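# Remarks on the overall topology
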Amino acid sequence: MLVELSVKQKFLTLCGITAAAMAASLAIGQRLIPQSILTGVVFYLISGERPSTVYASIVSLPRDIRTAIIFLKLNLCLYRYERAGATVVQIFERVVARQPNKVAFLMDDGQLTFAQVKQLADRVAAHFYAKGFRKGDTIALLMETRLEYPCIWLGLSKVGIVTALINSNLRKETLRHSITVANSKAIIVSTELAGAIAEINEQEGIKGLPVHLFRTDGAPDTASSSSSSSSDPLPDAEDLRLSLDSSGSSSSNVDLSAIPNDISPKDKLVYIYTSGTTGMPKAAVITNLRYTFMALGCYYMLSFRDDDIIYNSLPLYHSAGGMIGVGSVLLCGVTAALRKKFSASNFWADCIRYKCTVAQYIGEICRFVLMTPPKPTDTQHCVRLMFGNGLRPQIWPQFVSRFNIQQIGEFYGSTEGNSNLLNIDNTMGAVGFVPNFAKAIYPVTLIRCDEETGEIIRGPDGFCIKCKAGEPGVFVGKINPKKALNSFVGYADKAASEKKVLHDVFRKGDIFFNSGDILVQDLLGNYYFKDRTGDTFRWRGENVATSEVEGVITTIVGLKDCAVYGVDIPETEGKAGMAAIVDPEGKVDLEQLAAGIRASLPAYARPLFIRVLSEVPMTTTFKLKKRDLQVDGYDLGKIQDPIYFLQSNGTYRRFTADDHETIKSGKARL
């Protein structure tokens, strides 16, 4: 009779068996694979698992053991920092003490050593403390990528001031909202963006806030500053750069003895904003502990080296560029080469120039780089690892083959969420993995939902239902405020935070973070991104995953930008598919596209409408603004772009005003 074990007992038993098997294999000089077979067989005998589960455990055991060792190192490091009460600033200062003269940041022809970063951060701290700002205050930072950017928020954090990292592309009401939702007490803005603040300077929530202007063209001398003030969009703003430069020479340290040392790892560090694709941006709370976990997580799990140079062309107000990319520098001591704005044509040239060994990507960056004409520089770089999120499975093999990339570290997670995944073993298309036996330690899972609406499906007992292998579901993570791995601090807006929390998921009183994303897990524990809840739509009785259709169309049209979404049809159940393709040069061949769609997609998944865009309505995370496109729909009164309509024979023809009227009247047979 087989013994029934709990998940925890199975995990501990498997660890014990594995340790014994490893010791035995070392003693007799055997390799890890035979030992994993022994482990799997014994595990099967004592646990009563199905053969498929045992097979998966055997196949994935080498990966899982390696990951467990790295994961243990990461957690021990986090535990030590948390127990010592170490903040981001304190960890950074340990790095500075170890390597003061090493270059921290490179950009264009400039650079800052770790000691220089500390000096500037100290000046910022002393300056704003002297101005009366204290722990818990928020200051909005509106600045494009430059060497001083991390120094400013790092210095503010030394006082306990929370920096709201504002998207530098925002304007007017969205900009005003982002500043006020964080309850900002002041604004720091760089010269090139001063006009954006001037536009809203008299509006509610902004009027009266002190503005500190960081001149990016060099500080004017005192003699000329008064004469030039009339042309400044913010004539009353303090010249922050001049104030910081006059606070001491580059060789001296600022006196910080007056600033209390009362900041804890759980205190807020910065606000990082969501993209705002479904409404106004939300300010996600990033604590010192959260920032530390995210930065160290990639460093350990992807096996960064101390001499690595990371190419970071991402915006520094974003979590990938500003938290993972910059965090690897501040907390781990590597070097980063920054770029003001991503350029596909200069990507490898920059990597070669700065001798980068690691590079970051988000969204569609890899596709943009792949679209560039082949050049010798494609393989003349030293980049061995690229990591980020959003690499489409359809172009993954082409990308690594053409550019000779040894490893892709695709990760999954949201800025504010507690459910993060990381692909460390080059499994093509996967966004990460969690071994089945490790979910007692890292409690993430998939639960059933209505794919079209995203509504969670509960069983007769009122609790959620876990998905089986191969079954799509919403990815959720259990919230435990006591652990950095599992905590969820949420947004500055508490009401918005509560919307992301699920209660009574598997038992009364438990709480989980709802990612809002639909993923699929295979038997080996690998997760694959399927869609976002709400992006999936239902047509002709079938669920259509927009990401899958986008992947097919993108491949057919030569990697051009494409967004797929559902649109309402009067008198018809469900939503019809519509695809928007960016083609300003008019090169898309509609016949070839139609043939490719017929060959690759079932009838229900084929877009009824094709909109050909003349420009790129894109977010700063390199994604098409799908919500705006969905609102436009196929309304010819709103749209100047050509729209094409699917025919019964599978071809597309130009959509006309008569077609529009027929559909509006509910008489169309689709």
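Residues numbered from 1 in each chain as written. Predicted model: local features only at pLDDT ≥ 70, side-chain atom pairs only at ≥ 80, totals over all residues. Heavy atoms only, no water.

This paragraph deals with the overall build of the protein chain. The helix and strand tally for the protein chain stands at 20 helices and 28 strands. Per-residue burial for the protein chain yields a buried fraction of 55% across its 670 residues. Sequence separation of at least 24 residues holds for 70% of the intrachain contacts in the protein chain that already meet a minimum separation of 6. Of the roughly 29,300 Å² of accessible surface on the protein chain, 52% is carried by carbon and sulfur atoms. (Helix = DSSP H or I, 4+ residues; strand = E, 2+ residues; numbered from the N terminus. Buried < 20%, exposed > 50% of the residue type's maximum accessible area, 1.4 Å probe, protein only. Contact = heavy atoms within 4.5 Å. Areas by Shrake-Rupley, 256 points an atom, 1.4 Å probe, with all protein chains shown as cover.)

Further remarks concern the packing of aromatic side chains. Taken as a whole, this structure holds 22 aromatic pairs when the rule is applied. With centroids separated by 5.6 Å and ring planes inclined at 85°, the aromatic side chains of tyrosine 299 and tyrosine 300 adopt a geometry described as edge-to-face. Of the residues examined, tyrosine 299 reaches a relative accessible area of 14% and is grouped as buried. Each residue in the set Tyr311, Phe342, Phe347, Trp348, Phe368, Phe399 and Phe403 is aromatic and connected to the rest through ring pairs, giving one cluster. The ring of tyrosine 491 has lysine 282 sitting right over it, with the charged end atom 5.6 Å from the ring centre. (Phe/Tyr/Trp six-rings, centres within 6.5 Å; stacked < 30°, edge-to-face > 60°. Lys NZ or Arg CZ within 6 Å of the ring centre and 35° of its normal.)

Note that glutamine 407 resides in strand S14 (residues 407-412). A distance of 3.4 Å separates a polar side-chain atom of glutamine 407 from the backbone oxygen of isoleucine 424. The residues contacting glutamine 407, other than those within four sequence positions of it, are Leu302, Arg384, Leu385, Met386, Ile424 and Asn426. (Polar contact = N/O pair within 3.5 Å; in protein donor to acceptor, adjacent residues only side chain to side chain.)

A word on the environment of glutamine 647. In this structure, glutamine 647 sits in the loop between strand S27 (643-646) and strand S28 (652-654). We classify glutamine 647 as partly exposed; its relative accessible area is 24%. As for glutamine 647 and leucine 608, which are separated by 39 residues in sequence, their C-alpha atoms are 8.3 Å apart.

Pairing within the open sheet is mixed, and its seven strands lie in the order S7-S6-S5-S3-S4-S8-S9. In this open sheet, the two edge strands, each paired with only one partner strand, are strand S7 (238-239) and strand S9 (283-287). Bridge count between strand S3 (residues 138-142) and strand S4 (residues 162-165): four bridges; the pairing is parallel. Following the sheet pairing, alanine 140 is matched in S4 by alanine 164. (Pairing = 2+ DSSP bridges.)

So, on to the confidence of the model for the protein chain. The pLDDT averaged across the protein chain works out to 86; a share of 86% of its residues lies at or above 70. Taken as a whole, residues 43-47 scores under 50 in pLDDT and shows 14 contacts with residues more than four places along the chain or in a different chain. (pLDDT = per-residue confidence, 0-100.)

Okay, the nonpolar core next. If you look at the biggest cluster of nonpolar residues, it comprises 81 residues, and the most contacted ones within it are Phe105, Trp153 and Tyr291. Broken down by element, this core gets its largest block of residues, nine residues, from helix H5 (residues 114-130). Aside from chain neighbours lying at most four places away, what touches tyrosine 291 is Val88, Trp153, Leu269, Ile286, Gly322, Met323, Val326, Gly327, Leu330 and Leu331. Core analysis: the second largest hydrophobic core is formed by 41 residues, Trp539, Ala579, Ala605 and Ile643 among them. (Core = buried A, V, L, I, M, F, W, Y, C linked by side-chain atoms within 4.5 Å.)

Take unusual backbone geometry next. Positive phi, normally seen in glycine, also occurs at asparagine 183, with a value near 55°. With respect to the secondary-structure elements, asparagine 183 resides in the loop between helix H7 (172-181) and strand S5 (186-190).

Across the sheet, eight strands lie side by side as S2-S1-S11-S10-S12-S13-S14-S15; this open sheet has mixed pairing. The open sheet has two edge strands, strand S2 (110-113) and strand S15 (421-422), and neither has a second partner. Pairing between S14 and S15: two bridges, direction antiparallel. Pairing of phenylalanine 411 across the sheet is with leucine 422, part of S15. Relative to the sheet, helix H12 (residues 319-332) contacts strand S1 (103-107), strand S10 (309-312), strand S11 (335-338), strand S12 (358-362), strand S13 (385-389) and S14, its axis offset from that of S12 by approximately 160°. (Axes fitted to C-alpha atoms, helices over the stretch in contact; angles between N-to-C directions.)

Within a regular strand, side chains alternate between the sheet's two faces. The alternating pattern of S11 places Thr335 and Ala337 on one face and Ala336 and Leu338 on the opposite face, and all of these are buried. Summarising the sheet, S1 and S11 pair through three bridges and their orientation is parallel. Within S11, the position partnered with leucine 106 by the bridge is alanine 337. Sheet topology note: the S10/S11 ladder contains four bridges and is parallel. Paired with asparagine 312 across the bridge in S11 is leucine 338. For the handedness criterion, the β-α-β arrangement of S10, H12 and S11 is classed as right-handed. (Right-handed = clockwise from strand over helix to strand, strands pointing away.)

A separate point is the packing of helix H4 (residues 88-98) against H12. It is the contact of H4 with H12, at a shortest axis distance of 7 Å, that shows an interaxial angle of 60°. It follows from the interaxial angle that H4 and H12 lie oblique. Packed against H4, whose contacting residues are Val88, Ile91, Phe92, Val95 and Arg98, the element H12 presents Leu330, Leu331 and Cys332 at the interface. Split into classes, the residues belonging to the contact of H4 with H12 amount to seven nonpolar, no polar and one charged. (Parallel < 35°, antiparallel > 145°, perpendicular 65-115°, else oblique. Nonpolar A, V, L, I, M, F, W, Y, C, P; charged D, E, K, R; others polar.)

Quick look at the pairing of S27 now. The alternating pattern of S27 places Ile643 and Phe645 on one face and Tyr644 and Leu646 on the opposite face, and all of these are buried. Sheet topology note: the strand S26 (residues 609-613)/S27 ladder contains three bridges and is antiparallel. Looking across to S27, one finds that arginine 611 is bridged to isoleucine 643. Judged from the three bridges that link them, S27 and S28 form a sheet pairing that is antiparallel. Residue pairing for S28: tyrosine 644 is matched across the bridge by arginine 654.

Moving on, we come to H4. Turning to H4, its buried residues number three or more, namely Val88, Val89, Ile91, Phe92, Val95 and Val96. Along the axis of H4, the buried residues cluster in a sector spanning 165°; they form a single face. Turned more than 90 degrees off the buried face of H4, the exposed positions are Ala97 and Arg98. (Arc of directions from axis to C-beta.)

In this structure, serine 157 sits in helix H6 (residues 149-159). As a C-alpha pair, serine 157 and glycine 136 span 21 residues in sequence and 9.6 Å in three-dimensional space. Beyond its immediate stretch of four places on either side in the chain, serine 157 contacts Val89, Ile263 and Leu269. Polar side-chain contacts of serine 157 include one of 2.6 Å to the backbone oxygen of leucine 154.

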